[in-house]
Amino acid sequence: MSIPNHILEQLNSQADLISIIGRHTTLKRAGSEYKGCCPFHGEKSPSFYVNPQKNIYHCFGCSVGGNAISFLRDYENLTFIEAVNELSKQTGIEVPKEEQQNVSYQRISPKSITPPPIASSTVSAKSPTQIINAPSILSVSNSQEQSQNSYRDQSIHDNNSNSYDDYPPLAAYDSVPYATDGYDASYQGDTNYQDNSSYPPAWLTGDADTTALYDDNSVSDKDGNLYELLEQIQQFYQHNLTIHPHAKHYFLSRGITEDIFETFGLGYAPFGWQHLEHQFPQDIEGLKALGLVRKSESGRDYDLLRDRVIFPIRDNQGRTIGFGGRALDDEVKPKYINSSDSPVFHKQHVLYGYYESRQQRADNWLVVEGYMDVIALYQAGIYGAVASMGTAINESQISRLLTLNPTLTLSFDGDSAGQKAAWRTLEVALPVLGDDKELRFLTLPNNHDPDTFIKSQGADAMREQIATAMPLSQYIFAYLSERYDLTLAEGKAKLMSQVRALTTALPKGSSFRYLLNNDIYQKLGGKRSQNKEAKDALLDFDGDMTISQQLQLCFLFQPRALSDDPIEAIWQQAGINDLQLPAHIKQKASADILRPLAWEDLQDNALLDIVSTIKRCLNYLPKDANAAAHFILSNVKPSTQETLSRDWGGFYKALTTRNILSLDGLVEELVSQLIERHMKKKIQDLVKNPDNIKLAIVRKQSQLLNDWLRAQQAEQSAQMATVKS
């Protein structure tokens, strides 16, 4: 049986290599790679690396290396066919049953036809030769060559927070002697997708005599190649964007800059029912195989994408494999159309924006709903946003993203459809959500999506939203509590039943299963955690608040929390005030760097205003919480008063409805987060403006703070009562 090369490449690129190898040796994250002891030879010092970006492994001790198929063959002793079938089951990529199903198609001699005129009310008629000579189309480079060259140039970023500082650069993988595609020749497909010898259309070559395009004698003896045809079509669409101002205006009106046109290969499919057949008359069979040309009920061929802006869809190697088209008129339905599945395009295995984000070495990954969200985030310098192809993201895709980063954020619209999609994604993700993985949920305020939010609030505000996205445990309770009447025992029982059903989908041995059940149980009236209840109350009335604003409202509700300064308490409990330093560092350290942290150091004027006002008025405040809050508000600055007055009523109602009496735990958590962020920023500033003494001290302080925070979390988990399932 002959298996096409492109199928083998898809299997290897989509395989969860970390999980496959992780069954046989312990792998730990080392920068953007994973490191462990080589399973092929006994060793005490790890020299075995797995690169999830290239999805290959290599041991720098015994020189073994390869990809998913080679590992299954060489270590698990599977035959080539068994390895392929195993990866097919894991990834869902179907291995063709017949040899003929590959990327080749039969080219034909076209009939003599007259090219249609360019349909544009704003562009004067141009001859084919004029269109050919457009400079933008001649500058289009081969995306596959770009991706290969970029892999050779990649290097690992230095990660100061990681203890692994001796892992090799990505370039080291390109010098190792093994081949990643050296399979037995009897199983090789008979098509080489990298061959670029097929004919280009006349508008691309710039030949003055365009009649050669329709000459029967111009047909190459060689079969066509779908990858090459897709590249030609992508360039055709991209060229059309330059000569149709109304299409280009659509992107410009959405705030997309022209350099992004090139990065994502954006284009335009013109009017006309058969423009692709006119441009590629020899490739009708290829166009049909790609689903870009279809047959009507009357038996006539027509183009799928017409008068739509085009979003090329690329695979992990950067090759164009399909297209998404958006109608320019919002009244046209459907608004979006994707090209259908083909031998090279399988919707359920492709994420839009994945290739472009990898080119930027994205570290934080965010799943969004639309193409424009991906592009808007990329243009704002927020890399790592991906979108599915009109279908729900699947388990293997989530697993791959969690391999690249153990925290994955999902951003869905706040409407009913968006939240249903978020919940479906949660259910799909649970089986691959190990204890070291984390899922977060981001619902932007005021019905914004990432595209509109960035335009309205800016990139920094978007980064803040991503950083404070809701953890999975909070999202589950917030979602289900809206669907059941929790004032009734029956409603609580139904909610708990659904939570238990959800947690059974978590991996075997998951600690999160017990912790989540406990957490929800406490919320429903078990050993109630006031801290958790207060955090949930915050979600009830406003999800667009910063940590500082939440803390200010907490101080309004419970001003006595400042009787003993929270910063001083944390500083002391974490042992930072008794910092043990080497003598030579202590002698050179300034008194300023050794003093305890103060509210002024956080450089937050509104928070400082609230804290200082409460400390002045603490002995004169009314006992009633609402009256005390209004007394405090009357003594703060007008700007602070205006901001907090807007939110106080909703916050107070949310807390009293839930019968929350104490915010001690929440205050400690919020203050800890502010201190942690302050320390990180301080370290970044000292790295940019080196001061080795200060940097050593701040890093030690930050380490003590992190150790204390982890100890607090462990203690809280240990105190939880086990919920019987």
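**Comments concerning the overall build of the protein chain**
Across its full length, the protein chain holds 32 helices and 18 strands. In the protein chain, buried positions account for 50% of the 725 residues. Looking at the protein chain alone, contacts between residues at least 24 apart form 72% of all its contacts between residues at least 6 apart. In the form shown here, the protein chain has an accessible surface area of approximately 34000 Å², with 48% of it arising from carbon and sulfur atoms.

**A word on the pairing of strand β3 (residues 48–51)**
Side chains Phe48 and Val50 project from β3 onto one buried face, and the interleaved Tyr49 and Asn51 project onto a second face that is buried too. Sheet topology note: the strand β2 (residues 33–36)/β3 ladder contains 3 bridges and is antiparallel. Opposite Lys35, over in β3, you have Tyr49 as the bridge partner. Bridging between β3 and strand β4 (residues 56–59) involves 4 bridges; their strand directions are antiparallel. Each residue of the ladder has a partner; that of Asn51, found in β4, is Ile56. Between β3 and β4, which pair antiparallel and follow one another directly, the connecting turn spans 4 residues, one of which, Asn55, has a positive phi of 60°.

**Details of the sheet that holds strand β17 (residues 438–442)**
Pairing within the open sheet is mixed, and its 5 strands lie in the order β15-β14-β16-β17-β18. Only two strands of the sheet have a single neighbouring strand rather than two, namely β15 (385–387) and β18 (470–471). Across 2 bridges, the pairing between β17 and β18 is antiparallel. Looking at the pairing, Arg440 lines up with Pro471 of β18.

**Details of unusual backbone geometry**
Cis geometry is adopted by the peptide bond preceding Pro334, which originates at Lys333 and carries an omega value of -5°. Within the secondary structure layout, Pro334 lies in the loop between β12 (320–327) and β13 (336–338). Unusually for a residue other than glycine, Arg361 sits at a positive phi of about 55°. Among the secondary structure elements, Arg361 is positioned in the loop between α14 (354–359) and β14 (365–368). One non-glycine residue, Gln603, adopts positive backbone phi at about 55°. One can find Gln603 in the loop between α27 (591–594) and α28 (605–617).

**Things to note about the packing of aromatic side chains**
Under the definition given, this model contains 32 aromatic pairs. Centroid distance Tyr336 to Tyr371: 5.8 Å. Interplanar angle 75°. Geometry classified as edge-to-face. In this pair, Tyr336 is assigned in strand β13 and Tyr371 in helix α15 (residues 371–379), connecting sequence segments 35 residues apart. For Tyr336, a relative accessible area of 35% gives the class partly exposed. Overall, Tyr371 belongs to the buried group, its relative accessible area being 5%. Chaining the aromatic ring pairs together yields one cluster made of Tyr250, Phe251, Phe261, Phe264, Phe311, Tyr336, Tyr352, Tyr371, Tyr378 and Tyr383. Between Arg306 and the ring centre of Trp273, over which it is positioned, the NZ or CZ distance is 3.9 Å.

**Notes on helix α17 (residues 416–429)**
In an α-helix there are 3.6 residues to a turn, and that puts residues three or four apart on one side. Over its 14 residues, α17 runs 20 Å from end to end, which matches the ideal 20 Å to within 8%, given 1.5 Å per residue. Looking only at α17, the buried set comprises Gly418, Gln419, Ala421, Ala422, Trp423, Thr425, Leu426 and Ala429. The inward-facing, buried residues of α17 abut α16 (395–404), β16 (407–411), β17, α20 (472–481) and α21 (489–503).

**Some words on the nonpolar core**
Grouped together as the largest cluster of nonpolar side chains are 59 residues, with contacts concentrated most on Ile233, Phe251, Leu266 and Tyr352. Here this core gets 8 residues from one element, more than from any other, and that element is helix α9 (residues 226–243). Core analysis: the next-biggest nonpolar cluster, separate from the first, contains 55 residues, Met545, Trp599, Leu607 and Leu695 among them.

**Concerning the sheet that holds β2**
Strand order in the open sheet formed by 5 strands is β1-β2-β3-β4-β5, with antiparallel pairing between adjacent strands. Looking at the sheet topology across the chains shown, the edges are occupied by β1 (28–30) and β5 (65–66).

**As for α16**
Buried residues dominate α16, accounting for 8 of its 10 residues. Buried within α16 are the following residues: Gln397, Ile398, Ser399, Arg400, Leu401, Leu402, Thr403 and Leu404.

**Here's the deal with the packing of α21 against helix α22 (residues 511–523)**
Any two packed helices are characterised by the angle at which their axes cross and by the distance between the axes. Taken N-terminus to C-terminus, the directions of α21 and α22 make an angle of 170°; their axes are 10 Å apart at the nearest point. The pairing of α21 with α22 is recorded here as roughly antiparallel in orientation. In this structure, α21 contributes Leu495, Met496, Val499, Arg500 and Thr503 to the contact, and α22 contributes Arg513, Leu516, Asn517, Ile520 and Tyr521. Looking at side-chain class alone, the contact of α21 with α22 contains 6 nonpolar, 2 polar and 2 charged residues.

**Overview of the pattern of salt bridges**
Scanning the entire structure with this criterion turns up 21 salt bridges. Note that Lys248 and Glu258 form a salt bridge whose closest N and O atoms lie 3.2 Å from each other. Separated by 10 residues along the polypeptide, Lys248 in helix α10 (residues 245–253) and Glu258 in helix α11 (residues 258–264) bring together distant segments of the chain. The class for Lys248 is partly exposed, based on a relative accessible area of 23%. Take Glu258: its relative accessible area is 46%, and that puts it in the partly exposed class. Asp460 is paired through a salt bridge with Arg463; the nearest N and O atoms lie 3.2 Å apart. Residue Asp460 and its partner Arg463 are both found in helix α19 (residues 459–467); the two are separated by 3 residues, about one turn of the helix. Residue classification places Asp460 among the exposed positions, given a relative accessible area of 61%. Arg463 sits in the partly exposed class, given a relative accessible area of 36%.

The rules behind the values
Residues numbered from 1 in each chain as written. Predicted model: local features only at pLDDT ≥ 70, side-chain atom pairs only at ≥ 80, totals over all residues. Heavy atoms only, no water. Helix = DSSP H or I, 4+ residues; strand = E, 2+ residues; numbered from the N terminus. Buried < 20%, exposed > 50% of the residue type's maximum accessible area, 1.4 Å probe, protein only. Contact = heavy atoms within 4.5 Å. Areas by Shrake-Rupley, 256 points an atom, 1.4 Å probe, with all protein chains shown as cover. Pairing = 2+ DSSP bridges. Phe/Tyr/Trp six-rings, centres within 6.5 Å; stacked < 30°, edge-to-face > 60°. Lys NZ or Arg CZ within 6 Å of the ring centre and 35° of its normal. Expected span 1.5 Å × (residues − 1). Core = buried A, V, L, I, M, F, W, Y, C linked by side-chain atoms within 4.5 Å. Axes fitted to C-alpha atoms, helices over the stretch in contact; angles between N-to-C directions. Parallel < 35°, antiparallel > 145°, perpendicular 65-115°, else oblique. Nonpolar A, V, L, I, M, F, W, Y, C, P; charged D, E, K, R; others polar. Salt bridge = Lys/Arg side-chain N within 4 Å of Asp/Glu carboxyl O.

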